[in-house]
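Examining the three-dimensional arrangement
Here are the chains, one letter per residue:
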Amino acid sequence: MALTSMGKEHPYRHLIDPLSDDGSLKFFNPHKLNDPRYVKLPLSIRVLLEAAIRKCDGFYITEDDVQNILDWEKQQASTEVPFSPARVLLQDFTGIPAMVDLAAMRDAVAKHGVDPGLVNPKCPTDLIVDHCLQKDYSTCAIQNAPNPGGGDGGSRPAPPKPLPRGGSHCAGQRGSCGKTACNDPPSSTGARPHASVQQIENTPLLCPFHLKPVSEGDTSVKNQEMELSRNKERLQFFKWCSKAFKNVNVVPPDVGAVHQVNLEYLSRVIQVRDGLIYPDSVVGTDSHTTMINGLGILGWGVGGIESEAVMLGQPVSLALPQVVGCKLVGSIDPLSTSIDVVLGITKHLRQAAIAGKFVEFFGPGVSQLSAPDRTTIANMCPEYNATVSFFPVDRVTIQHFKKTHFSQEKLDLLESYLKAVKLFRSYEDPAEDPHYSEVIEISLSSMVPHVSGPKRPQDRVAVCSMKEGFQSCLNEKLGPRGFNISKDKQDVRVPFLHAGQEYHLAHGSVVIAAVISCTNNCNPAVMLTAGLLAKKAVEAGLTVKPYIRTSLAPGSGMATHYLNASGVLPYFSQLGFEVIGYGCATCVGNTAPLPESVVDAIKQGDVVACGVLSGNRHFEGRLCDCIRANYLASPPFVVAYAIAGTVGMDFEKEALGVAPDGTRLYLRDIWPSREEVQRTEEDAVISAVFKDLKARMEKGNTFWSGVECPESVVFPWDAKSTYIRPPSFFSKLSKEVPPPQSIDDAHALLFLGDKVTTDHISPAGSIARVSAAAKYLLSKRLTPREFNSYGSRRGNDAVMTRGTFASVKIQNRLLGAKAGPKTIHVPSGQTLDVFEAAERYQRDGVPLVILAGKDYGSGSSRDWVAKGPYLLGVRAVIAESFERLHKKQLVGVGILPLQFSGEQNADTLELAGTERFSVSLPERLAPGQRLAVKTSDGKSFAVTAQLDNELDVVLLRHGGLLRYAARTML
């Protein structure tokens, strides 16, 4: 907002003060309100207040909104307020549908005679292309022992030369030539010789998936080439967006993951625009957006619908949040990583019932946490259902930015402004502590290493209790933790051959170990701990079994740079953790297939095989359909469990393996000290790392430069494209708003239970060959190898609609206990794909509803979790409770979220799901209005319309945000 454009009518113009001596830089100074309530506000609320003051226009944001925020202590949780963030952050999976919608909106307004060039984001928008990477090529360690860490004598290798490798994760699987990928002769025990005994030549690798030889150095390049080939249409569209739309910045692939780029390059702490200084803030469509709060920048994840609203100039609407003050005291255990602190804090806050609240950290313990520690902690706040976990800026933050791309001049300006508006903290001074809704005190001394699983992130297990914990999961009945394995089958050991050697799988065997492009890479200390652990393991003669699918996909080149600079990268490689590229891979289901012999062994013995990954998402079946147990762990424990080969390990009592001299080696023998990690971090993580990213961002790369795109104001849609299609949201768009239409005689498309996640509603991973989406792609003459993933095809509504409710893990009660992407077409009684049933209902003019239990729509933010049901013909979702973000998404596409009243639910009302449902809507629907649902068998029950404010009502009447935004231009 330029100061010259502010008319005298701006109600808070009198609050503008100069910050620079020459008056060229100015800011809104809330102190000039002369209101004592300001200094009592939590600092996160002060950011909301400043934005409301600055953006007060009398329409979207009014003076009453400003006063409500200022009166936070009395108004919290009872008043809706608007927030206009400084910028929008998109990753490509969720960004492409947003940009496709804007491109389609240009078509729609052009048909009504409006200049399509007027359709642009009004809020600065960054789109990071990072989610299209898949692991087509990878290499693995030289493996040599039938048991983890075995070793077969010989002298220890002289450290630390990069250790040549000749194996592949494809090892033992034959290509069309009939030769195996690994050419190393087996030892007398059937294992490949250890590097300390025999130096292995760097032989070509043969990937059976593509039947092409790949040298070790070309792994990342080959994956990049496949990325370009597979996603050419999407990348061309992104490049068109970067040229056609104003206020859009596209960060090309192979630069870094969205959260890394946000932290390392896009973060500003303060924004300076047209001479006006104000706090940086962001809403993003990635679940890791909350990481930015660790740097004192307010931001959280929203759905694609909400992000599009902000892009189009509307503020985000939220209930004025309660703010929980989290006071950190005590000292961190030297052996605990930031992940242990994260999971410890997550446990405490999850038990505190803080859903929808802000968390703001304070207390003397905060100063012990580095900026990377804070961002890692802030990242996990969606797992305990808080909106943000906010760390105000202090000296530690300033010191962090000195290592990055911030100049001293920028740091001086930043500190001067934040102190002027009291957004700078000294955690040692209790007199600065603001008022909070409540205070939770957490002792850092209580944090011990944990992992999380086997199915949910909230189920934490202390590493010291992991062996007993996994055994209890085998014993428990089938559910969130249990696998219901009978006693007589718990000791099963299934033999199988891999690379000419026999191995055995048992319950708890690790088959995937992934240090992924996720939350831990922003924290050098955690990654360096893993690297130093790998170094010590290799030097001691420990190895990883060759059939375990190991991978290292750093969030950005920064991580690779400091791992290489610290000298640990060759040791990662020697254990099989090769850098396979940059982008989301394992965590979104884009993992290479397991060896067929492993899959066969799992199926033969009904083995509860395990994946261990260093991320924050691990829902059942997400990594691989045949892997039932997945554990979240810090990167060093991913390495440790890979070496162990099983999660059923007591690291304190059981040895990882035997050294060449016969010494039994325990985890404590190779675990690096905190001092060693910190010393390595100081030596390796320097300002050059961040400068390197900045240079690569600004220079671009040949990969992106070679992508061609059309030159036009409106996008020239290709009717043959299977990636980019104009969606049907604007079909029959009229200038007039249609009257509200009641829901009459609707059928239930699905009858769902509790905890239905966005993965269930709209999968992001691979497209099953027997799915409705696969049938569509086959009809377009694509082979299964060309299907790519649901995430990469989010620009095609035909694929995404068919992919709605396509998860193999979804439990539809209309089908009984059987899981799968099917439903009952009630009139005919036939079992059909969800899409086919919905298509038949729509052909017959029958509206649809969905019945669900508690927490409907939890998980990652995706607009297709709402758009998909809308295009299937769903008019309403009737649930016990909704995840806040998903509820907004439903309203944003024109689906009415209805909540059962009180203790009622589908079971207490004895609903079968086969009834017909009718909901009468008044002409003037009010936020939170109670409505009656009537069924065809004579029942009637009350529900509450989950509409939070008048804007929700307006969006619902218009048929969603996109139609509303288009009509404002007609």
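Before going into details, it helps to say that this report is about the structure given with it. Since we're looking at a predicted model, the values are computed, not measured.

With four bridges joining them, strand β29 (residues 822–825) and strand β30 (residues 830–833) adopt antiparallel strand pairing. Following the sheet pairing, His-825 is matched in β30 by Gln-830. As consecutive antiparallel partners, β29 and β30 are separated by four residues, and within that stretch Gly-829 has a phi angle of approximately 80°, a positive value.

Among the 10 residues that make up helix α18 (residues 635–644), 10 are buried, leaving the element largely enclosed by the rest of the structure. By the burial criterion, the buried members of α18 are Pro-635, Pro-636, Phe-637, Val-638, Val-639, Ala-640, Tyr-641, Ala-642, Ile-643 and Ala-644.

Orientation of helix α9 (residues 338–351) relative to helix α10 (residues 371–379), taken along the N-to-C sense of each, is 35°, at an axis distance of 9 Å. Every pair of crossing elements has a handedness; the one defined by α9 and α10 is right-handed. Judged by residue contacts, Ser-338, Ile-339, Val-341, Val-342 and Ile-345 of α9 engage Asp-373, Thr-376 and Ile-377 from α10. The class makeup of the residues in the contact of α9 with α10 is five nonpolar, two polar and one charged.

Let's shift gears to the pattern of salt bridges. Applying the stated criterion across every chain yields a total of 34 salt bridges. With a shortest N-O distance of 3.3 Å, Asp-71 and Arg-37 are connected by a salt bridge. Residue Asp-71 is found in the loop between α2 (63–70) and α3 (72–75), and its partner Arg-37 is found in the loop between β2 (26–28) and α1 (43–54); the two are separated by 34 residues along the sequence. A relative accessible area of 17% places Asp-71 in the buried class. Classification of Arg-37 as partly exposed rests on a relative accessible area of 29%. Salt-bridge contacts for Arg-456 lead to Asp-459; the nearest nitrogen and oxygen are separated by 2.9 Å. Overall, the relative accessible area of 26% leaves Arg-456 in the partly exposed class. Accessibility expressed as a relative area gives 9% for Asp-459, which makes it buried. Several salt bridges share partner residues, and in doing so they unite Asp-101, Glu-308, Asp-863 and Lys-867 into one network.

The geometry of an aromatic ring pair comes down to the distance between the two centres and the angle between the two planes. Per the stated rule, a full pass over the model turns up 25 aromatic pairs. Taking 5.1 Å as the distance between ring centres and 65° as the angle between the ring planes, the aromatic pair formed by Trp-240 and Phe-715 counts as edge-to-face. One end of the pair, Trp-240, is in helix α6 (residues 232–244); the other, Phe-715, is in the loop between α22 (702–705) and β28 (743–751), and 475 residues separate them in sequence. No difference in accessibility class separates Trp-240 from Phe-715, as the two residues are buried. Taking 6.3 Å as the distance between ring centres and 40° as the angle between the ring planes, the aromatic pair formed by Phe-729 and Trp-864 counts as tilted. Placement of the pair is Phe-729 in the loop between α22 and β28 and Trp-864 in helix α27 (residues 864–872), with a sequence separation of 135 residues. Like Phe-729, the residue Trp-864 is buried in the burial classification. Taken together, the ring pairs connect Phe-237, Phe-238, Trp-240, Phe-245, Phe-715 and Trp-717 into an aromatic cluster. A cation over a ring is seen here: Lys-419 above Phe-424, with NZ or CZ 5.2 Å from the ring centre.

Every second residue of strand β23 (residues 549–552) is oriented toward a common face, with Arg-549 and Ser-551 on one face and Thr-550 and Leu-552 on the other, all of them buried. In this structure, strand β22 (residues 510–515) lies alongside β23, joined through four bridges in parallel fashion. When the bridges of β23 are listed, Ile-512 appears paired with Arg-549.

As for its position among the elements, Asp-286 is in the loop between β11 (281–284) and β12 (298–301). Of the side chains with opposite charge, Arg-794 comes closest to the buried, unpaired Asp-286, at an N-O distance of 8.4 Å. Of note is the side chain of Asp-286, whose polar atom sits 2.8 Å from the backbone nitrogen of His-288.

Our next topic: the environment of Asp-280. Relative to the helices and strands, Asp-280 is located in the loop between β10 (276–279) and β11. For the pair Asp-280 and Arg-268, spaced 12 residues apart in sequence, the C-alpha separation works out to 5.9 Å. Contacts of Asp-280, omitting those with residues within four sequence positions, involve Ala-86, Arg-87, Leu-266, Ser-267, Arg-268, Val-269, Ile-270, Gln-271, Ile-297 and Leu-298. At 3.0 Å, the side chain of Asp-280 forms a polar contact with the side chain of Arg-87. Among the polar contacts made by the side chain of Asp-280, one reaches the main-chain amide nitrogen of Arg-268 at a distance of 3.0 Å.

The rules behind each value
- By convention here, each chain's residues receive numbers from 1 onward along its written sequence.
- Under the rules for a predicted model, residues below a pLDDT of 70 receive no local features and side-chain atom pairs below 80 are neither given nor counted, while totals for whole chains, interfaces and linings still include all residues.
- Side-chain metrics in this entry use all non-hydrogen atoms of the structure; hydrogen atoms and water are not considered.
- For two strands to count as paired, DSSP must find a minimum of two bridges between them.
- By definition, any uninterrupted DSSP run of H or I lasting at least four residues is a helix, any uninterrupted run of E lasting at least two residues is a strand, and each is numbered from the N terminus.
- Here the term buried applies to any residue with accessible area under 20% of the maximum for its type, exposed to any over 50%, and partly exposed to those in between, with areas from a 1.4 Å probe on protein chains only.
- Whenever a helix is involved, its axis is fitted only over the stretch in contact; in every case the axis is a line through C-alpha atoms, and angles between N-to-C directions fall within 0 to 180 degrees.
- By convention the crossing between two helices is left-handed if the near helix lies anticlockwise of the far one by an angle smaller than a right angle, and right-handed if it lies clockwise.
- Here a residue-residue contact requires only that any non-hydrogen atoms of the pair lie within 4.5 Å.
- Note on residue categories: nonpolar means Ala, Val, Leu, Ile, Met, Phe, Trp, Tyr, Cys or Pro, charged means Asp, Glu, Lys or Arg, and polar means any other residue, Gly included.
- Put simply, a salt bridge is a Lys or Arg side-chain nitrogen that is within 4 Å of an Asp or Glu carboxyl oxygen.
- The pairing test for Phe, Tyr and Trp rings, Trp by its six-membered ring, is centres within 6.5 Å, and the orientation test on the planes gives stacked under 30 degrees, edge-to-face over 60, and tilted for anything in between.
- Geometrically, a charge over a ring is one whose NZ (Lys) or CZ (Arg) sits within 6 Å of the ring centre while staying within 35 degrees of the ring normal.
- His is not counted here, nor are the chain ends, while Lys and Arg score as positive and Asp and Glu score as negative.
- Two N or O atoms count as a polar contact when they lie within 3.5 Å, although within protein this holds only if one can serve as hydrogen donor and the other as acceptor, and sequence-adjacent residues are included solely when both atoms are side-chain atoms.

By themselves these figures say nothing about function.
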